[in-house]
Amino acid sequence: MTEAWEASVEAKIQDAVQRGEFDDLPGMGKPIPGRGAPYDEAWWIKSFLEREALPGDLLLPTSLQLRRRIEQVPDEVRDLPTEQSVRDFVGQLNAQIVAWLRFPDDGPRVAVRPVNTEDVVRRWRVERARPTLTTTVTEAAFVPPPARRPHRSWWRRWRRRG
């Protein structure tokens with residue numbers, strides 16, 4: 001029974017080859033990627049992320065994704081045009097954090113707290129008010145390093161006390 005089935009499959013493959021359905025396939029004539037590398041169980045996940053140009057953060061648990069987003073808040077709000085847009089951004093992030101705190105998933109328990117909107121807005125204002133430095137190497141003056149005190153070891157200090 002299996003021999004008849006294998007013969008049928010082989011016949012269909014040979015017919016497809018004769019019709020040219022296997023000509024000009026992507027990757028034809030190229031080496032198989034990762035052929036000499038050690039086996040990786042998550043090879044298909046990594047190839048999917050690479051092929052679809054998705055960030056690897058999608059594989060992290062929600063708590064770690066939120067923690068990473070909290071760390072990136074100053075960089076993300078830096079280019080926002082208005083204070084209201086900064087407040088909206090932080091408000092949306094805080095809504096996601098509160099939703100996760102209400103119903104945490106099975107991931108690791110990482111301390112995640114809502115972001116203080118006023119602190120973010122204050123930092124955003126300071127960065128907007130700070131002038132950009134455009135000095136070149138020739139314009140920059142040489143500033144010598146501060147003079148260092150002679151180093152006294154902790155052992156000598158301890159001995160003098162006693």
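Described below are features of the structure shown in this document. Treat the numbers as computed from the prediction; the structure is a model and nothing was measured.

In terms of regular secondary structure, the protein chain is built from seven helices and zero strands. Starting at the N terminus, the α and β elements of the protein chain follow one another as α-α-α-α-α-α-α. Out of the 162 residues in the protein chain, the part that is buried amounts to 12%. About 14600 Å² of surface is accessible on the protein chain, with carbon and sulfur atoms providing 56% of the total.

This part covers the packing of helix H5 (residues 83-102) against helix H6 (residues 117-129). Across the interface, H5 lies against H6 with an axial gap of 10 Å and an inter-helix angle of 145°. H6 is crossed by H5, and the crossing has right-handed handedness. Packed against H5, whose contacting residues are Glu-83, Val-86, Arg-87, Val-90 and Asn-94, the element H6 presents Thr-117, Glu-118, Val-120, Val-121, Trp-124 and Arg-125 at the interface.

The next point concerns the nonpolar core. Counting 15 residues, the largest nonpolar core has Val-77 and Val-120 as the members making the most contacts within it. In terms of residues, this core owes the most to one element, H5, which gives six residues. Beyond its immediate sequence surroundings of up to four residues, Val-120 is in contact with Val-73, Val-77, Val-86, Val-90 and Val-115.

The next point concerns a nonpolar patch on the surface. A cluster of nonpolar side chains, Trp-5, Val-9, Ile-13, Val-17, Phe-22, Leu-25 and Met-28, forms an exposed patch at the surface whose accessible area comes to about 680 Å². As for its placement among the helices and strands, Leu-25 is situated in the loop between helix H1 (2-19) and helix H2 (43-51).

Moving on, we get to the packing of helix H3 (residues 62-71) against H5. Look at H3 against H5: their axes get within 11 Å of each other, and the N-to-C directions meet at 155°. The angle between H3 and H5 falls in the class roughly antiparallel. Crossing handedness for the pair H3 and H5: left-handed. Contact with H3, carried on its side by Thr-62, Ser-63, Leu-66, Arg-69 and Ile-70, involves Phe-89, Leu-93, Gln-96, Ile-97 and Trp-100 of H5 and no other residues of that element. The residue makeup of the contact of H3 with H5, split by class, is six nonpolar, three polar and one charged.

Conventions used here
Here the residue numbers are simple positions, counted from 1 along each chain's written sequence. Reporting in this predicted model follows two pLDDT cut-offs: at least 70 for local features of residues, and 80 or more for side-chain atom pairs to be given and counted; totals over whole chains, interfaces and linings ignore these cut-offs and use all residues. Working from all heavy atoms in the structure, the side-chain values ignore hydrogens and water. Secondary structure elements are taken from DSSP: a helix is a run of H or I of four residues or more, a strand is a run of E of two residues or more, and numbering for both begins at the N terminus. Buried, partly exposed and exposed residues are distinguished by accessible area as a fraction of the type maximum, computed with a 1.4 Å probe on protein chains only: under 20%, between the cut-offs, and over 50%, respectively. Surface exposure here means Shrake-Rupley accessible area, sampled with a 1.4 Å probe, where a residue is shielded only by the protein chains that are shown. Axis definition: a line fitted to C-alpha atoms, over the contacting stretch in the case of helices. Angles run 0 to 180 degrees between N-to-C directions. For any helix crossing, the convention is left-handed if the near helix is rotated counterclockwise from the far helix by under a right angle, and right-handed if that rotation is clockwise. Throughout, a residue-residue contact means that at least one pair of heavy atoms, one from each residue, lies within 4.5 Å. We call a set of buried residues a nonpolar core when its members are Ala, Val, Leu, Ile, Met, Phe, Trp, Tyr or Cys and they connect through side-chain atoms within 4.5 Å of each other. Nonpolar side chains (Val, Leu, Ile, Met, Phe, Trp, Tyr) within 5 Å and like charges within 9 Å form the patches, drawn only from residues with over 30% relative accessible area and no salt bridge. What counts as a salt bridge is simple: a side-chain nitrogen of Lys or Arg found within 4 Å of a carboxyl oxygen of Asp or Glu. Our angle categories are set so that under 35 degrees counts as roughly parallel, over 145 as roughly antiparallel, 65 to 115 as roughly perpendicular, and the remainder as oblique. Classification used: nonpolar for Ala, Val, Leu, Ile, Met, Phe, Trp, Tyr, Cys and Pro, charged for Asp, Glu, Lys and Arg, polar for all others including Gly.

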